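Reading the structure
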Amino acid sequence: MSNGAPPGQAGRGPFDVAVLGGGVIGLAAAWRFALAGVTVAVVDPSPGHGASWVAAGMLAPVTEAHFGEEPLSELLLAGAAHWEDFAAELEAAADMRVGYRRCGTVVVGLDSSDRRAIDDVLAYQRSLGLDAVRLSASECRGLEPALSPGIRGGAHVPGDHQVDNRALLAALLEACRRAGVEFLARSARRILLDARGGASGAELDDESAVAAGMLVVAAGARSGSLLGHVGGSVPQVRPVKGHIVRLRGGPRAPLLSRTVRGLVQGRACYLVPRSDGSLVIGATSEERGFDGSVQVGQVFALLDDARRLVPGLDELAFEEAICGFRPATPDNAPYVGWTTTERLAVATGHYRNGILLAPITAAALVALYAGAAPPSPMGHFGAERGSHLALGARGALGEP
Ligand SMILES: Cc1cc2nc3c(=O)[nH]c(=O)nc-3n(C[C@H](O)[C@H](O)[C@H](O)COP(=O)(O)OP(=O)(O)OC[C@H]3O[C@@H](n4cnc5c(N)ncnc54)[C@H](O)[C@@H]3O)c2cc1C
């Protein structure tokens, strides 16, 4: 087999699989591929970063259930079911902790119209069979005494948990290295096609190329630019900017014991407590393209809303304000599957839930490579939503 590089171009590989993008999706997939005995390269100038580094790490199939997104809710629930085993296996493989905490979530409303809005969502969640229990204000404060006496009540969602996304990325990087994944610290410029129009590799930004039997585009919000070179219609992935603020506290007296999601005069806000006493506060949702500036007004608004729910956060130390780009799609659901270009797959568009969906996405990609069906209901998140995509039980090198 040629190395996939045009004549005169230095080549790496061939690998069985090259994953373009080493955020949580690309790393989880690479690790699972390597465990399955597949030779795999991850191409990324800065693996372990992207939106995955910025995220809050909520694993929240219930509080992420939105009106009109029933198929996505089903996927989120299936994704959550992968987490316990995935976290245990990863911790053993990397010999590192990932901060997976089955802590549950409390949802609170600041004023009476926030409370009514929460009741509406609660009714919807319960109509889907999701586990969420209405609480009075004092019941909310019974669960989380640091909540403001001013809140008007809310709900308890026992099945929405969290992982420390940064610890997760560190563990994935280590597990990948231990499993023999090769890292190429370059940007991919374009997908290379062979004489028959199938994907054979990728050109990198140092003019070299990587050759592989299966290409997986997992470049988060920037996936569209890589796919645009292939031709045909491409899945639409756009960046939705989100600001996050991180505060540092003491592990001995954590302010909160579980995630708090709140509505503050109609604005959504969440506070995710880590076991080291730190607090992750999020998040804005902004359609501003790839504008990476951290804006004072957005940071101020987040902190202002958060302290109206939990006034005690004034005592914590400011650590970081950061923003990232959620990879969003027209229907808010991911694209995971084969494209119509032979040997080219995508795993992108995970929008608000890429951390939650990383384990099931990785399992789906390994199944695709092997020519097997992806875990249910991942099979619904490909072909029918874009003519460029065709998810199905087809092996990397053709029909099984
Ligand atoms: C503020 C905020 C809060 C969030 N909170 C949560 C949450 O609580 N729970 C949850 O489940 N999800 C959350 N998300 C969503 C989640 O972060 C994303 O869905 C997920 O990180 C997407 O992962 P990814 O690997 O597809 O993309 P990314 O993490 O963005 O990684 C993409 C990678 O591709 C690389 N790359 C880009 N272009 C190229 C190229 N040309 N060649 C090679 N590599 C390239 C980048 O360097 C990057 O490392 C949040 C997102 C944001 C922004």
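Model, not experiment: these values are computed from the prediction.

Attention now goes to the nonpolar core. Generally speaking, soluble globular proteins have nonpolar side chains that are buried together. In terms of nonpolar packing, the biggest core is built from 55 residues, with Phe33, Trp83, Leu90, Leu168, Leu172 and Val216 touching the most fellow members. Tallying contributions element by element places helix α10 (residues 354-370) first for this core, with 10 residues. Filtering out sequence-adjacent residues up to four positions away, Leu168 remains in contact with Val24, Trp83, Phe86, Leu90, Val98, Val163 and Ile355.

This brings us to the site of the ligand. Near the ligand lie 38 residues; those nearest to it are Asp44, Ser52, Ala188, Tyr351 and Arg352. Ser52 is positioned with one of its side-chain polar atoms (N or O) 2.4 Å from an oxygen atom of the ligand. If the ligand stood free it would expose 1000 Å²; the protein chains cover 93% of that surface. Mapped by element, the contributors of at least two residues to the shell around the ligand are α1 (24-35), α2 (50-54), β12 (238-248), β16 (317-328) and α10. Per-class residue counts for the shell around the ligand are 19 nonpolar, 15 polar and 4 charged.

Using the criterion set out here, one finds 26 salt bridges in the structure. We note a salt bridge from Asp119 to Arg115, for which the minimum N-O separation is 3.5 Å. Taken together, the residues span about one helical turn, with Asp119 and Arg115 both in helix α5 (residues 112-127) at a distance of 4 residues. The partner of Arg307 in a salt bridge is Asp314, and the shortest N-O contact between them spans 2.8 Å. When its relative accessible area of 43% is taken as the criterion, Asp314 is described as partly exposed.

A separate point is the confidence of the model for the protein. Reading fine detail from the predicted coordinates is not recommended where pLDDT is low. Within the protein, residue pLDDT values average 91, and 92% of them lie at 70 or more. Note that pLDDT drops below 50 for residues 387-400; the model gives that stretch 62 contacts with residues more than four away or on any other chain.

With that settled, the discussion passes to the domain arrangement of the protein. By a widely used convention, the size of an interface equals the accessible area lost when the partners come together. Considered domain by domain, the protein is made up of domain 1 (1-101 + 161-237 + 330-400) and domain 2 (105-158 + 239-328). When each unit is reduced to the centre of its C-alpha atoms, the spacing between domain 1 and domain 2 is 29 Å. In this assembly, domain 1 packs against domain 2 so that about 2800 Å² is buried in total across both faces, 61% of it on carbon and sulfur atoms. Per-residue buried area on domain 1 facing domain 2 is highest for Val54, Val62 and Tyr351; these three make up 22% of the total on that side. Put simply, domain 1 and domain 2 have 3 salt bridges between them. The salt bridge partner of Asp164 is Arg274, with a shortest N-O separation of 3.9 Å.

Cut-offs used in this document
Residues numbered from 1 in each chain as written. Predicted model: local features only at pLDDT ≥ 70, side-chain atom pairs only at ≥ 80, totals over all residues. Heavy atoms only, no water. Core = buried A, V, L, I, M, F, W, Y, C linked by side-chain atoms within 4.5 Å. Buried < 20%, exposed > 50% of the residue type's maximum accessible area, 1.4 Å probe, protein only. Helix = DSSP H or I, 4+ residues; strand = E, 2+ residues; numbered from the N terminus. Contact = heavy atoms within 4.5 Å. Near = heavy atom within 4 Å. Polar contact = N/O pair within 3.5 Å; in protein donor to acceptor, adjacent residues only side chain to side chain. Areas by Shrake-Rupley, 256 points an atom, 1.4 Å probe, with all protein chains shown as cover. Nonpolar A, V, L, I, M, F, W, Y, C, P; charged D, E, K, R; others polar. Salt bridge = Lys/Arg side-chain N within 4 Å of Asp/Glu carboxyl O. pLDDT = per-residue confidence, 0-100. Domains from an automatic or database assignment. Buried area = accessible area lost by both parts, 1.4 Å probe.

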